[in-house]
Amino acid sequence: MSQAQPSTPAYRFCPQCAAELAWLTAAEDGGDKTRLRCPACGFTHWNNPTPVLAAVVECVDREGQVLLARNAAWTQRFFGLITGFMEAGEAPEDGVRREIAEETGLTVESLALLGVWDFQRMNQVIIAYHARARGEIRLSPELAEYKLFPPEQLRCWPQGTGQALATWLRSRGLEPQWMQPNRD
């Protein structure tokens, strides 16, 4: 049974033999699966999701306000959670502490896991934490600007890390307010 082909990944040629990859169906543990495979040497591009770390950063020395930041690469003025890729050999907790320190200059005092969400549009798995942090905010060149918000003024977005923010707000007894498409 053939499955729909996912969006085209970065691989076009086999990294082992340089032959052009093709969408081929093969038997796997869960049954037949169509993946990008090399017809010459049998290499399979698994295209597994990438783990991404995210943090709702509560600034304990700024009256518990939450820090949201705008990525320098984003063209729109959207402010989101602090995020970053987990490094090889790194525990998620260590990685989110590192990302917060690298991107904001803040020191994390405590972490609590909020949950894990799939973000299929980006082929990612988001591992999100609530981080209580303090210190002088010094943005890395990766971030263009930041804003601090009292929790009751936060507005969530429906995709990606917005679900983590909504989960954190609910844990504080606040019903999440959602952004309206093309209006916020």
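Residues numbered from 1 in each chain as written. Predicted model: local features only at pLDDT ≥ 70, side-chain atom pairs only at ≥ 80, totals over all residues. Heavy atoms only, no water.

A. Fine view of the pairing of strand E1 (residues 22-28). Note: E1 against strand E2 (residues 31-37), seven bridges, orientation antiparallel. Looking at E2, one finds that Ala-22 is bridged to Arg-37. (Pairing = 2+ DSSP bridges. Helix = DSSP H or I, 4+ residues; strand = E, 2+ residues; numbered from the N terminus.)

B. Structural view of the environment of Thr-167. Inspection of the secondary structure puts Thr-167 in helix H2 (residues 162-171). Linking Thr-167 and Cys-156, residues eleven residues apart in sequence, is a C-alpha distance of 9.9 Å. Non-local contacts of Thr-167, meaning those with residues more than four positions away in its chain, are made with Leu-114 and Trp-117. (Contact = heavy atoms within 4.5 Å.)

C. Layout of unusual backbone geometry. Phi is positive for Asn-47, close to 55°, though the residue is something other than glycine. Along the polypeptide, Asn-47 turns up in the loop between strand E3 (44-45) and strand E4 (50-59). Notably, Glu-63 is not glycine yet its phi reads approximately 55°, a positive angle. Tracing the sequence through the fold places Glu-63 in the loop between E4 and strand E5 (65-71).

D. The arrangement of the layout of surface pockets in detail. The space that makes up the largest pocket amounts to roughly 1100 Å³. Lining the largest pocket are 38 residues, with Trp-74, Gln-76, Phe-78, Gly-80 and Trp-157 positioned closest to its centre. If you list the elements that add at least two residues to the lining of the largest pocket, you get E5, strand E6 (82-85), strand E8 (124-134) and strand E9 (143-149). Ranked by the residues each element gives to the lining of the largest pocket, the list is headed by E6, at four residues. Taken together, the residues that form the lining of the largest pocket break down as 19 nonpolar, twelve polar and seven charged. (1 Å grid on protein atoms, 1.4 Å probe; cavity = no way out; pocket = protein on both sides within 12 Å on 5 of 7 lines; lining within 4 Å. Points joined across faces, edges and corners; volume = space filled by probe spheres on them. Nonpolar A, V, L, I, M, F, W, Y, C, P; charged D, E, K, R; others polar.)

E. Quick peek at helix H1 (residues 92-104). Compared with an ideal rise of 1.5 Å per residue, which puts 13 residues at 18 Å, H1 spans 18 Å between its outermost C-alpha atoms and is within 8% of the ideal. Residues of H1 that are buried include every one of Gly-95, Val-96, Arg-98, Glu-99, Ile-100, Glu-103 and Thr-104, and no others. Lining the buried residues of H1 we find E4, E5, E6, strand E7 (107-119), E8 and E9. Phi for Gly-105, located one or two positions after H1, is positive at around 80°. (Expected span 1.5 Å × (residues − 1). Buried < 20%, exposed > 50% of the residue type's maximum accessible area, 1.4 Å probe, protein only.)

F. Inspection of the environment of Asp-94 at higher detail. Tracing the backbone shows Asp-94 in helix H1. When its relative accessible area of 47% is taken as the criterion, Asp-94 is described as partly exposed. A sequence separation of 73 residues divides Asp-94 from Thr-167, and the C-alpha atoms of the two residues are 22 Å apart.

G. Main features of the pairing of E2. Linking two consecutive strands that pair antiparallel, namely E1 and E2, is a turn of two residues. Pairing of E2 with E3 involves two bridges; the strand directions are antiparallel. Bridging from a neighbouring strand, Arg-37 pairs with Thr-44 of E3. Hairpin remark: E2 followed by E3, antiparallel, with six residues in the connecting loop; positive phi at Gly-42, about 90°.

H. Up close: the pattern of salt bridges. Counted under the stated rule, the structure contains eleven salt bridges. The salt bridge partner of Glu-58 is Arg-172, with a shortest N-O separation of 3.3 Å. Taken together, the residues Glu-58 in strand E4 and Arg-172 in the loop between H2 and strand E11 (177-178) connect sequence positions 114 residues apart. For Glu-58, a relative accessible area of 5% translates into the label buried. If you follow the salt bridges from partner to partner, you end up with Glu-90, Arg-98, Glu-99 and Glu-102 in one network. (Salt bridge = Lys/Arg side-chain N within 4 Å of Asp/Glu carboxyl O.)

I. Main features of the sheet that holds E3. The sheet built from three strands is open, its strands ordered E1-E2-E3 with antiparallel pairing. Here the strands that pair on one side only, and so sit at the sheet edges, are E1 and E3.

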